[in-house]
Amino acid sequence: FREEIAKFLTDYARAAKALNPDHITVMNGCCAVFATLSTILCDPGDGYLIPAPYYGGINSKTWLYGGIQPVHVPLFSEVTDEESHPFQLTAEKLEDALQRAKKQGIRVRALILINPHNPLGDIYPAQLLKECLEFAHRYELHVIMDEIYMLSVYDDTTFTSVLSLDCLPDPERTHFMWGFSKDFGMSGIRVAVLYTRNHEIQKAVNQLAVFHSCPGPVQHVLSQFLRDRDWLDNVFFPTNKKRLKEAQNILVDGLADVGIPVLKSSGGLYVWADFRKFLRSQTFEAELELWQKFLDKKLLISPGKAFYCYEPGWFRLVFSDSVDKIYLCIQRLEQMLCSHAAEPGANNASSSADALCNPEKDSSGKPSSTPGEDVSQLKNILVY
């Protein structure tokens, strides 16, 4: 199975050189990979840098095993002179977050990057990826690259896998992870891959992997999937990407009709949408109130607080569903938002929606509060 995975990732991640199967560990899901790496790379109380917003489920996985804490690198929708688009990550922001952590007495040991990003749908350019790796190398940080949406990229956007880089600044501290759950639509199968060239780390991971093993019959079936390149190249991936793009277009257009701008994205199964003008106040309490109204209308849309977003009012919407359900979602959204706006005390002031759709204009300012700690693991979608 590891040999098939090595061949598959070598080709589809456009690896600089053929992957070595001996550097691969297979576990039952990326959550298991995060959990084991957290206890191997860090001591309890250490921290890891992670751009926020981000998939909130990472926190529980790293805390339960390793007792390590996230050090947020806050990203905002407002575009400054040094940025080209909202929620943009830069090496300078990583540096600022690291120095803040040092002043707080937190020893940062790792940097976690999700590419394509969840929930932003952002894809890191090759140059930014290299700058982040150089930054980590400077401070001897381990880099965990989560590329679970690697093959769920559409449009003409170029995705750069860390495996494709010719020369890594610190190959011994660069660790790649990927799984079948997103790109193959197999969440329940629970199979993930860790690729690391660090022998000592892999040896330690393998000691814990016995508790997170993948059943032999599952490995056998997935080996057949990976081996059938004709089906993957000519049927599955083209069809999957075409359907994802169509679904995204339907959702984005529907949200635009209701006056909801989204962050422009080309990867992932979701959009990051701006509901700020529908909040009664620019607080996370108002965001959760709106989220509850969505739930009452049978709309499971994840609030930004679940992703540790620093601005209230952003939600992630998943579009990897049937077209009829997407249309139903838009219909329910329109009905719910109309009734919500008609309620006494609703915030009907104009928002920065136009600015969000046109990045050259200014969008909203900084948040009035920061996200709380008791964040549920929900999912949402954005598009600019």
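Before any of the text, the structure's been laid out above.
Residues numbered from 1 in each chain as written. Predicted model: local features only at pLDDT ≥ 70, side-chain atom pairs only at ≥ 80, totals over all residues. Heavy atoms only, no water.

(A) Seen up close, the overall build of the protein chain. For the protein chain, the helix and strand inventory stands at 11 helices and 10 strands. For the protein chain, the proportion of its 384 residues judged to be buried stands at 56%. Contacts spanning at least 24 positions in sequence make up 76% of the contacts within the protein chain whose residues lie at least 6 apart. Element-wise, carbon and sulfur atoms account for 50% of the exposed surface of the protein chain, whose accessible area totals about 16,600 Å². (Helix = DSSP H or I, 4+ residues; strand = E, 2+ residues; numbered from the N terminus. Buried < 20%, exposed > 50% of the residue type's maximum accessible area, 1.4 Å probe, protein only. Contact = heavy atoms within 4.5 Å. Areas by Shrake-Rupley, 256 points an atom, 1.4 Å probe, with all protein chains shown as cover.)

(B) Examining the pattern of salt bridges more closely. Under the counting rule described, the total for this entry stands at 13 salt bridges. In this structure, Lys-242 engages Glu-246 in a salt bridge whose closest nitrogen and oxygen atoms are separated by 2.9 Å. Of this pair, Lys-242 and Glu-246 both sit in helix H8 (residues 229-257), 4 residues apart, which is roughly one turn of that helix. Residues Arg-280 and Glu-289 are paired through a salt bridge, measuring 2.7 Å at the closest nitrogen-oxygen approach. (Salt bridge = Lys/Arg side-chain N within 4 Å of Asp/Glu carboxyl O.)

(C) Highlighting the sheet that holds strand E9 (residues 302-303). Read across the open sheet, the 3 strands follow the order E8-E10-E9; overall the sheet is antiparallel. Each edge of the sheet is formed by a strand with only one pairing partner; in this case those strands are strand E8 (270-274) and E9. Two elements, E9 and strand E10 (residues 314-318), share 2 bridges in a ladder whose sense is antiparallel. Bridge assignment links Ser-302 to a residue of E10, and that residue is Arg-316. (Pairing = 2+ DSSP bridges.)

(D) Quick peek at the pairing of strand E2 (residues 47-52). When you tally the buried positions in E2, you get 6 out of 6 residues, the bulk of the element. Residues Gly-47, Leu-49 and Pro-51 point to one face of E2 and Tyr-48, Ile-50 and Ala-52 to the other, with burial holding for every one of them. Note: E2 against strand E3 (residues 69-74), 6 bridges, orientation parallel. Residue Pro-51 lies in a different strand from E3, and its bridge partner there is Val-73.

(E) Expanded view of unusual backbone geometry. Following Ala-52, the chain continues into Pro-53 via a peptide bond in cis, with omega recorded as 15°. Relative to the elements of secondary structure, Pro-53 occurs in the loop between E2 and helix H3 (57-66). Of note, the bond from Asn-118 into Pro-119 is cis; its omega dihedral lies within 30 degrees of zero at 20°. Mapped onto the elements, Pro-119 comes out in the loop between strand E4 (108-114) and helix H5 (126-138). At Phe-87, a residue that is not glycine, the phi angle is positive and equals roughly 55°. By the element assignment, Phe-87 lies in the loop between E3 and helix H4 (91-103). Given the relative accessible area of 1%, Phe-87 is considered buried.

(F) Layout of the packing of aromatic side chains. Scanning the entire structure with this criterion turns up 27 aromatic pairs. Taking the centre distance of 6.3 Å and the plane angle of 70° together, the rings of Tyr-154 and Phe-319 count as edge-to-face. A residue pair is termed long-range when its members are at least 10 positions apart, and Tyr-154 in the loop between strand E5 (142-146) and strand E6 (174-179) and Phe-319 in the loop between E10 and helix H10 (323-342) qualify at 165 residues. Per residue, the accessibility class of Tyr-154 equals that of Phe-319, and both read buried. Through a chain of ring-to-ring contacts, three or more aromatic side chains come together here, namely Phe-1, Phe-8, Tyr-12, Trp-178, Phe-180, Phe-184, Phe-225, Trp-231, Phe-236 and Phe-237. (Phe/Tyr/Trp six-rings, centres within 6.5 Å; stacked < 30°, edge-to-face > 60°.)

(G) Looking closely at the nonpolar core. If you look at the biggest cluster of nonpolar residues, it comprises 65 residues, and the most contacted ones within it are Phe-8, Leu-9, Leu-49 and Phe-184. The leading source of residues in this core is H5, at 6 residues. Residue contacts for Phe-8: discarding those within four places in its chain leaves Ala-13, Leu-151, Trp-178, Phe-184, Leu-226, Arg-229, Leu-232 and Phe-237. Counting residues in hydrophobic clusters, the runner-up holds 61 residues, among them Leu-37, Ile-114, Ile-326 and Leu-337. (Core = buried A, V, L, I, M, F, W, Y, C linked by side-chain atoms within 4.5 Å.)

(H) The sheet that holds strand E7 (residues 192-196), seen in detail. Taken in spatial order, the 7 strands make up an open sheet running E1-E7-E6-E5-E4-E2-E3, and their pairing is mixed. Among the strands making up the open sheet, the edge pair consists of strand E1 (24-27) and E3. Averaged over neighbouring strand pairs, the angle between their axes works out to 25° when direction is ignored. Where helix H1 (residues 2-12) meets the sheet, its contacts fall on E1, E6 and E7, and the angle it forms with E1 comes to roughly 110°. On top of the sheet, helix H2 (residues 30-41) reaches E1, E4, E5, E6 and E7; it is set at about 160° to E6, its chief contact. (Axes fitted to C-alpha atoms, helices over the stretch in contact; angles between N-to-C directions.)

(I) Spatial organisation of the packing of helix H7 (residues 216-227) against H8. Remark: H7 packs on H8, axes separated minimally by 5 Å, with the N-to-C direction vectors making an angle of 65°. With respect to their mutual orientation, H7 and H8 come out roughly perpendicular. Touching Phe-225, Leu-226 and Arg-227 of H7 are Arg-229, Trp-231 and Leu-232, all from H8. Residues of the contact of H7 with H8, tallied by class, amount to 4 nonpolar, no polar and 2 charged. (Parallel < 35°, antiparallel > 145°, perpendicular 65-115°, else oblique. Nonpolar A, V, L, I, M, F, W, Y, C, P; charged D, E, K, R; others polar.)

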